[in-house]
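Examining the three-dimensional arrangement
In case you want the letters, here they are:
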Number of protein chains: 2
Amino acid sequence: MTNKDALKHYDVNQYRTPDGYTSDIAVFTITSEKTGVYKPPEMTLKLMLIKRSVKDAEDNPNIEAEKWALPGGFVETSETAFEAARRELEEETSVKDVHLKHFGVYDRPGRDPRGWIISNAHYAIVPEHDLTARKANDDAAEVKLFSLDELKTIALAFDHDTIIIDAIKMITSDLLQTTVAKAFLPKAFTYSELQAVLLTVTNDPAIASHQSFARKIKTLPFIQEVKGQTTSRTSKKPTQLYQFNDMEVVKPIYTARY
Amino acid sequence: MTNKDALKHYDVNQYRTPDGYTSDIAVFTITSEKTGVYKPPEMTLKLMLIKRSVKDAEDNPNIEAEKWALPGGFVETSETAFEAARRELEEETSVKDVHLKHFGVYDRPGRDPRGWIISNAHYAIVPEHDLTARKANDDAAEVKLFSLDELKTIALAFDHDTIIIDAIKMITSDLLQTTVAKAFLPKAFTYSELQAVLLTVTNDPAIASHQSFARKIKTLPFIQEVKGQTTSRTSKKPTQLYQFNDMEVVKPIYTARY
DNA sequence: ATTAACAAACAACAATTTGTTAATTGAAAG
DNA sequence: CTTTCAATTAACAAATTGTTGTTTGTTAAT
């Protein structure tokens, strides 16, 4: 094999190599504040952050201590950053099968005082009740959910402020332009539950109007009725359940209404 | 400063570090085949690839020789992968100010036989005439533009087949869902030129129909008429020129028509 | 000078979708 | 029995789209 010969001559150290490769995760959840029985919930999009502890696991002073940060950690040689994110998320929250998506790389020289460390950033969507089982580990003194407004007011470690801005931008456009909203919802949901999810990131009147949205959901090719299935979660009158099918759509901005 | 104390205890070598960090670029262009004078052009989306030479710059056997590959190279400590992409693209094609966007990271263990090498992938949009000035460098025996159909038939280096599939997916959805189309067009363009760009990645009837698209372009909030400016590039009758303004829009799939 | 050719622009009308307001339904709660 | 309320249905005007056909401005051939 000709690659073998070439490898003999290849010196892996002719370039300076990074000092580390980390995987960070912006964990989003939507908290549902029930406004009463037989009412649709009020939903708020929140981001989970951990407070970096004063001492690390070996009892040494911790870097960027007492600031809020995205959960994450070093990627191992045997895994991808995506797999590392899944592993770390399970260590942190004991949740498997979360929706996870890469959204950016952060590699600005000097972004981490420990050296040339590249961060591969992902966002995750975790249902609220799965986060209640979360627990702080050695490196994380505290875990807390922040609304997008609260985020503006706190001190963040490293360049996590930049990463978080990008994460919010990405989850916002994905919620509106893809079917990820399904990761926030039960398999079968009502039109008003879907609507509440979307309203956490938009105030588009065509989505905010009950009549328009209830009429529209019936015609969306990527959503279908669950025939004969209803629930009374959101109203006294039993209401139709819907589910996403596996269709993915891309709609041009050039054919939309303005 | 408390970070200083923490750094004394931080051992940069406690984790295995990557053997390299590269920046790869999927360079897209649209070739305009003029179908005649005073006619709108036929456009085709193409990807520029380089053929890896048998020997490298030091006259040693080259890795993945004679396969087609994305241009790219190692990121230096003093720069981001994005800056490296810009630098390499200028070295390769002598073009500055190209539209450039990150779209993925490739870090599967074993993807590169030289070691643990992480690729940060970008796509670039370069006007066709800027690519004519391109020249092969030491590492690149040959440079060629491939249509999306031709790409399926050739041997690609490393995991560049996967990277290219993702690049095409990304530029397709960006062309339709953002205003990047402007990077393929002159500052002022006709409705049929914009239409031709979009038709390289979609066959949506609302875009393909001349009447519908010509009527629609007047109502798009992110495009405006260049008052009183016309051209005869595409027809004998002088036709109105348009330009993108700086508005960015996000249109939900939930309010589109199906 | 007249005419053919042709993309762009415009017109017109039916079909469809949306915005809006109002009425109805079904079950819970008092 | 009545009230309450989210969901659903109805109805109609307003706006947008699909479609077909006509006009316009210019080039090029006769």
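So, here's what we can say about the structure. (Residues numbered from 1 in each chain as written. Chains lettered and ligands numbered in written order. Predicted model: local features only at pLDDT ≥ 70, side-chain atom pairs only at ≥ 80, totals over all residues. Heavy atoms only, no water.)

Next up on the list: the protein's contact with DNA strand D. Of all residues adjacent to DNA strand D, which total 23 residues, the nearest are Ser192 and Thr239 of chain A together with Arg215, Lys216 and Arg257 of chain B. What you see for DNA strand D is that sugar and phosphate hold 69% of its atoms within 4 Å of the protein. Here Tyr191 of chain A contributes a side-chain N or O atom positioned 3.1 Å from a phosphate oxygen of DNA strand D. A distance of 2.8 Å separates a phosphate oxygen of DNA strand D from a polar side-chain atom of Ser192 of chain A. Contributions of two or more residues to the surface near DNA strand D are made by α6 (191-198) and β9 (239-244) of chain A together with α8 (210-217) of chain B. Residue contributions to the surface near DNA strand D peak at four residues, all from α8 of chain B. Classifying every residue of the surface near DNA strand D by side-chain character gives five nonpolar, seven polar and 11 charged. (Near = heavy atom within 4 Å. Polar contact = N/O pair within 3.5 Å; in protein donor to acceptor, adjacent residues only side chain to side chain. Helix = DSSP H or I, 4+ residues; strand = E, 2+ residues; numbered from the N terminus. Nonpolar A, V, L, I, M, F, W, Y, C, P; charged D, E, K, R; others polar.)

Right, let's talk about the protein's contact with DNA strand C for a bit. Surveying the vicinity of DNA strand C reveals 24 residues, the closest of which are Arg215 and Lys216 of chain A together with Ser192, Gln240 and Arg257 of chain B. Near the protein, meaning within 4 Å, the atoms of DNA strand C are sugar or phosphate in a fraction of 69%, with bases accounting for the rest. In this structure, a base nitrogen belonging to DNA strand C sits 2.7 Å away from a side-chain N or O atom of Arg215 of chain A. Residue assignment for the surface near DNA strand C shows that the elements contributing at least two residues are α8 (210-217) of chain A together with α6 (191-199), α8 and β9 (239-244) of chain B. With four residues, α8 of chain A is the largest single contributor of residues to the surface near DNA strand C.

Below, the discussion takes up the interface of chain B and chain A. With 69 residues of chain B at the interface, the matching set in chain A holds 69 residues. On inspection of chain B and its partner chain A, the count reaches zero salt bridges. Inspection of the chain B/chain A interface yields 11 residue pairs in polar contact (both at pLDDT 80 or more). Of all elements in the fold, only α1 (2-9), β1 (20-33), β5 (99-106), β6 (117-125), α5 (160-177), α6, α7 (205-208) and α8 of chain B reach the threshold of two or more residues within the side of chain B that touches chain A. In terms of residues, the side of chain B that touches chain A owes the most to one element, α1 of chain B, which gives five residues. Among the residues making up the side of chain B that touches chain A, the classes are represented as 38 nonpolar, 18 polar and 13 charged. (Contact = heavy atoms within 4.5 Å. Salt bridge = Lys/Arg side-chain N within 4 Å of Asp/Glu carboxyl O.)

This part covers the pairing of β6 of chain B. All names here are of chain B. Burial runs high along β6: nine of the nine residues are buried. A two-sided burial pattern is seen for β6, the buried positions comprising Ile117, Ser119, Ala121, Tyr123 and Ile125 on one face and Ile118, Asn120, His122 and Ala124 on the other. Bridge count for β1 against β6 is nine bridges, and the pairing is parallel. Opposite Thr22, over in β6, you have Ser119 as the bridge partner. For β5 and β6, the ladder comprises seven bridges, and the chain directions are antiparallel. Following the sheet pairing, His102 is matched in β6 by His122. (Buried < 20%, exposed > 50% of the residue type's maximum accessible area, 1.4 Å probe, protein only. Pairing = 2+ DSSP bridges.)

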